[in-house]
Amino acid sequence: MAYNFSNLLNKAQEWMQSAAEQGWLDVSEANTLKILATDESRQVFADEQGKPLVVAFFGGTGVGKSSLLNRLAGEEIAKTGVERPTSREVTLFIHESIQLGSLPDELPVEQIRVARHHEQQWRHVAWIDMPDIDSIEQNNRLLVEQWLPHIDLLTYVISPERYRDHRGWRFLQSQGAGHGWVFVMNQWDRGDPRQIDDLTSLLNDNGFADPVLFRTICKQPASESVIDDFDQLVNCIQALANRHTLAHLEASNQFVKQQQLKNTITEALTQMGQNQSASELVERWEQRWENTTQILEEGLQWPAKYVAQTFVGRYKGIPMLARLPHQAGESQEDSDSSQTPTLWDAWSQTRFEDAVDQISLDADLVGLPIEPYRQAMLPVISGARKLMLTETQNALRLALARPGNWLQRILMPLFKFLSLVLPLAAAGWVGYRVVDLYYQNGLGELQYLGIDFAVHSGLLLLLSWLVPWFVLRNIKPSIEKTAVRGIMKGLDQGLNHLGQQVEESIEKTANTQLKHFDSAQTLLKLCDEKPEVPESGVSDRLLQRILSSKHVNSKLHKSNV
């Protein structure tokens, strides 16, 4: 076969489970694949003996199903009469050479009765007598559903009185598409040829293009005047009982399962929405975040000034980054480690969360699942305060390291230098004049310095110090303004980073969705690959007829025509 269905089903289950864990699908949706049972029919029989053709008899109450099986077996192996409608037992009739393997877990061992025979003509056939589908026992349908994956040929038995009651075989058709179908009108001695035409028309209308239909009489002795197709039924089953036909039936059954799996994956993709819708989420977020940023910047101006004033007024001379005011209720131990300022308070966090929560509503509006985007936003929301603190601290550090504007940063060193040099120069000049005049006065050439010289010298010294000091004092940057400017810059950078993080999370989530889509497309291609159909041991015409249910892709069977 082109691809083992069990492996394909496992891959599909892994894909759906991964999508469910990330919120793209409901967990219940991921569990729907469990109803697509893998082909485990070989577990019923020992591998070294080979798998026989498993023929199961179905039908309503009183149609003579058990009598037909007894006639085929040549002995009384199936229960008949009034016991039948209440029987909860499955009878497995096999040749003595066939060894049973490990029964699948879903098959109730306590409800299986095994009977063996010695007929060589039925050595490669395993007969199963199933409970009546229309029985009052609700457990009967459960038994049928559990056994269907292990059946190759469905033999549906009807009677002339109840042949139009199609509830039973319609149920099997919906559950067991891909199996071979044979219909038997039993108790034909009470039938009318027109009923055959009517039944054939009914089957045609329900998807059986050319049904295989036999008429049998299991009441002995049978009337010689009534036509009985029992020998043709025997020949048909014997013709199908070969490994080539089994492989053909398994290939047909697998392809139907692949189509069922394909439908399940396609429905899951529909629930996951369109990947193109994610770009619309980004556009909506950018517009909303622009408005939210403006509101936050306006609302955070006063807290920024408060933090700066608190630093200047109460913690002057102490490193600000270690003394930023903290949220109310935080202990000093917590504040030393987290250093979360009051700038990003509950009001700020709420405004941010409201904007982010709107993304989930937008996702719902554009037809995308809410949960993946909600999960993607959780780390961004929880890390908002820390991000804003980090950006604010970094910007504040840089602002305090380089206070003022470029002109102030040039003039400040210059006037600091002048504030030292000019007073020293004036003092030196005054000192030189004092010494020089004192020397000349000692030679009798001049008089001592007067009061005018003292006043002028004092004024010179004062001006040489006062002018640079005054200029320096007025051009010195304000620590409070510097802190406010640094905090506001940090807030602006933090808000930009928050917006970028949300946008990146949206795009990352959209990429995750795209990866799920790509994986699903690979699975869908595998589902469309036709299983390898070997050459059959019987005519293609017979195989097409027993596989003529509308649930089976006709192209699969035309490949061998």
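Before going into details, it helps to say that this report is about the structure given with it. Quantities reported herein were computed from a predicted structural model and do not represent experimental measurements.

### Quick notes on the packing of aromatic side chains
Next up, step 1: Summed over the entire model, instances satisfying the criterion amount to twelve aromatic pairs.
Next up, step 2: Between the aromatic rings of Trp24 and Tyr373, the centroid separation amounts to 6.0 Å while the plane-to-plane angle is 80°, which identifies the pairing as edge-to-face. Of this pair, Trp24 sits in the loop between helix 1 (5-21) and helix 2 (27-30) while Tyr373 sits in helix 13 (residues 371-382), and the two are 349 residues apart along the sequence.
Next up, step 3: Its relative accessible area of 3% is what places Trp24 among the buried residues.

### Observations concerning the nonpolar core
A general trend in soluble globular proteins is that nonpolar side chains are found buried together.
Next up, step 1: Residues Ile265, Phe352 and Tyr373 are the most contacted members of the largest nonpolar core, which totals 59 residues.
Next up, step 2: Contributing elements (two or more residues each) for this core: helix 1, helix 8 (243-272), helix 9 (277-299), helix 10 (301-314), helix 12 (346-365), helix 13, helix 14 (384-401) and helix 17 (479-528).
Next up, step 3: For this core, the leading source of residues is helix 17, giving 15 residues.
Next up, step 4: When near neighbours in sequence (up to four residues on either side) are disregarded, Ile265 contacts Ala12, Trp15, Ala520, Leu523, Leu524 and Cys527.
Next up, step 5: Counting 35 residues, the second largest nonpolar core, distinct from the first, contains Phe183, Trp188, Phe208 and Ile217.

### Digging into a negative patch on the surface
Next up, step 1: Residues Glu283, Glu286, Glu504 and Glu507 make up a contiguous surface patch of negative charge.
Next up, step 2: Every element with two or more residues in the negative patch is listed here: helix 9 and helix 17.
Next up, step 3: The topology assignment puts Glu507 in helix 17.
Next up, step 4: Since its relative accessible area comes to 37%, Glu507 is described here as partly exposed.

Definitions and limits used
Residues numbered from 1 in each chain as written. Predicted model: local features only at pLDDT ≥ 70, side-chain atom pairs only at ≥ 80, totals over all residues. Heavy atoms only, no water. Phe/Tyr/Trp six-rings, centres within 6.5 Å; stacked < 30°, edge-to-face > 60°. Helix = DSSP H or I, 4+ residues; strand = E, 2+ residues; numbered from the N terminus. Buried < 20%, exposed > 50% of the residue type's maximum accessible area, 1.4 Å probe, protein only. Core = buried A, V, L, I, M, F, W, Y, C linked by side-chain atoms within 4.5 Å. Contact = heavy atoms within 4.5 Å. Patch = residues over 30% accessible without salt bridge, like charges linked within 9 Å, V, L, I, M, F, W, Y side chains within 5 Å. Areas by Shrake-Rupley, 256 points an atom, 1.4 Å probe, with all protein chains shown as cover. Salt bridge = Lys/Arg side-chain N within 4 Å of Asp/Glu carboxyl O. Lys, Arg positive; Asp, Glu negative; His and termini not counted. Charge placed at Lys NZ, Arg CZ, Asp CG, Glu CD.

These values are about where atoms sit, not about what they do.
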